[in-house]
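Descriptive analysis of the structure
Take a look at the letters that make up each chain.
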Amino acid sequence: MRLDKLLADRGYGTRKEIKKLLQKNSAIINGVPTKDGSAKVVVDDRVEFLGDVISCESMIYYLFHKPAGCVCANEDALHPTIFHYIPNPRNQLFSVGRLDIDTEGLLLITNDGVLAHNLLSPRHHVDKVYYARLDHAITEADIQAFQAGLDIGDDTNTMPADLSPANEAGDEIYVTIKEGRYHQVKRMFEARGNAVCYLKRMSMGPFVLDDTLPAGSYRPLTPEEMELLSDYTNQSEES
Ligand code: URA
């Protein structure tokens, strides 16, 4: 791949911006400084730019249906990790955010730190939709309290969240949050005197868990999803 494309993929700017940056700051490929954006780099090259060491691996994007019982970590002494299900030969992959050990559902797996940042940053307000089974039915007051923001013991209240019933009894619901605080959904229901018995993430931004992906399996994003990815990332960066 060309050096300027690598730097653009890693979020250093557009190709035009990178051309200008390279005029002032050389990149270093395997110890040799260069200002040539068309210089070729391959996977094992060591590239340094603006004090960063930049991976030349090509970008990987998987959609994973996390089963209950595995942890979102590289290693764990007690439990299988998500990489029990997904090969990670160069240890380059990570999940975009985390789900609790008992939570199921959609996880994006990638080696793209820029995308992960854009999807996770609270500034970007990416909607995450969860299906939850609760100890007991929600009330109209719960819907309003979620909408107003809840005190879950953090420095600030949660941002407005939507609750909508998924069954007639009202003890199965869809909840949409825009943040990703630790145990957020469970703590929000706890703050309302309820409890989450089962939790599954259905979507994150434009990415939706589809019925064809059984728990424990993963697949690369489709070309259509790759389009969404770039659109969404651009929108996020502008907001
Ligand atoms: N909220 C939770 O409480 N747990 C999760 O795994 C995700 C969101």
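None of the values given here were measured: they were computed from a predicted structure. Starting from 1, residues in each chain are numbered consecutively following that chain's sequence as written. Local features in this predicted model are restricted to residues whose pLDDT is 70 or higher, and side-chain atom pairs enter the listing and the counts only when it is 80 or higher, whereas totals over whole chains, interfaces and linings include all residues. To obtain the side-chain values, all non-hydrogen atoms of the structure were included, while hydrogens and water were left out.

Helix and strand counts for the protein come out as six helices and 13 strands. Principal axes of the C-alpha set define a box for the protein whose edges measure 65 × 35 × 35 Å. Counting over 239 residues, the protein shows a buried share of 45%. The long-range fraction of contacts in the protein, counting pairs at least 24 apart against all pairs at least 6 apart in sequence, stands at 62%. Method for areas: the Shrake-Rupley scheme with a 1.4 Å probe, in which residue coverage is limited to the protein chains shown. Accessible surface, the protein: about 12600 Å² in total, of which carbon and sulfur atoms supply 51%. In DSSP terms, a helix is any run of H or I states spanning at least four residues, a strand is any run of E spanning at least two, and both are numbered starting from the N terminus. Relative accessibility under 20% of the residue-type maximum defines a buried residue, over 50% an exposed one, and the middle range a partly exposed one, all with a 1.4 Å probe and only protein chains included. Working rule for contacts: check all heavy atoms of both residues, and any pair within 4.5 Å makes them a contact.

For cavity detection a 1 Å grid was placed over the protein atoms alone, and a set of points counts as a cavity when a 1.4 Å probe fits there but cannot get out; an open set counts as a pocket when protein lies on both sides within 12 Å along at least five of seven lines, with lining residues being those that have an atom within 4 Å of a point. Grid points are joined across faces, edges and corners, and a volume is the space filled by probe spheres set on the points. In this structure, the largest pocket encloses a volume near 540 Å³. Contributing to the lining of the largest pocket are 26 residues, with Arg98, Leu99, Asp100, Arg181 and His183 lying nearest its centre. Taken together, the elements giving at least two residues each to the lining of the largest pocket come down to β8 (128-134), α5 (184-191) and β11 (196-204). When grouped by side-chain class, the residues that make up the lining of the largest pocket number 13 nonpolar, five polar and eight charged. Of the residues that make up the lining of the largest pocket, three or more belong to each of domain 2 (61-122 + 207-233) and domain 3 (128-204). Three classes are used, and their members are as follows: Ala, Val, Leu, Ile, Met, Phe, Trp, Tyr, Cys and Pro are nonpolar, Asp, Glu, Lys and Arg are charged, and the others, Gly among them, are polar. Reported domain spans reflect what an automatic or database domain assignment gives.

Let's shift gears to the packing of aromatic side chains. Pairing of aromatic side chains requires ring centres within 6.5 Å, counting the rings of Phe and Tyr and the six-membered ring of Trp. Pairs whose planes differ by under 30 degrees are stacked, by over 60 edge-to-face, and all others tilted. Taken as a whole and judged by the stated rule, the model has six aromatic pairs. With a centroid separation of 5.8 Å and an interplanar angle of 55 degrees, the aromatic rings of Tyr131 and Tyr174 are classed as tilted. With Tyr131 in strand β8 and Tyr174 in strand β10 (residues 172-177), this pair connects stretches of sequence that are 43 residues apart. Through a chain of ring-to-ring contacts, the aromatic side chains of Tyr131, Tyr174 and Tyr198 assemble into a single cluster. Criterion for a charge above a ring: Lys NZ or Arg CZ within 6 Å of the ring centre, and within 35 degrees of the ring normal. The ring of Tyr198 carries Arg133 above its face, with NZ or CZ at 4.3 Å from the centroid.

Every case where a carboxyl oxygen of Asp or Glu lies within 4 Å of a side-chain nitrogen of Lys or Arg is listed as a salt bridge. A complete count under the given rule lists 12 salt bridges for this structure. Notably, a salt bridge pairs Asp100 with Lys186, separated by 2.8 Å at the nearest N-O pair. With Asp100 in the loop between β6 (94-95) and β7 (104-110) and Lys186 in helix α5, this residue pair connects regions lying 86 residues apart in the sequence. Exposure remark for Lys186: the relative accessible area of 17% places this residue in the buried category. Residue Asp142 is joined to Arg192 by a salt bridge in which the shortest nitrogen-to-oxygen separation is 2.6 Å. Placement of the pair is Asp142 in helix α4 (residues 140-148) and Arg192 in the loop between α5 and β11, with a sequence separation of 50 residues. Taken together, the salt bridges that share partners define one network made up of Asp154, Glu179, Arg181 and Arg187.

Turning to helix α3 (residues 113-120), a few remarks are in order. Within α3, burial applies to Leu115, Ala116, Asn118 and Leu119. Down the axis of α3, the buried set is contained in an arc of 165 degrees. They therefore lie on one face. Structurally, the start of α3 carries an N-cap: the backbone nitrogen of Leu115 is 3.0 Å from a side-chain oxygen of Asp112. By definition, the arc is the one covered by directions from the helix axis to the C-beta atoms. Counted as a polar contact is a pair of N or O atoms within 3.5 Å, where, for protein atoms, one must be capable of donating a hydrogen and the other of accepting one, and residues adjacent in sequence contribute only when both atoms are in side chains.

Further remarks concern the side chain of Thr81. Mapped onto the elements of the fold, Thr81 is located in the loop between β5 (61-66) and β6. Among the polar contacts listed, one links the side chain of Thr81 to the backbone nitrogen of Phe83, at a separation of 3.0 Å. Excluding residues within four positions of it along the chain, Thr81 makes contact with Cys70, Val71, Ala73, Asn74, Glu75 and Asp76.

Position of Asn194 among the secondary structure elements: in the loop between α5 and β11. Taking the C-alpha atoms as reference points, Asn194 and Arg46, separated by 148 residues in sequence, lie 52 Å from one another. In contact with Asn194, not counting residues within four places along its chain, are Leu134, Asp135, His136, Ala137 and Phe189.

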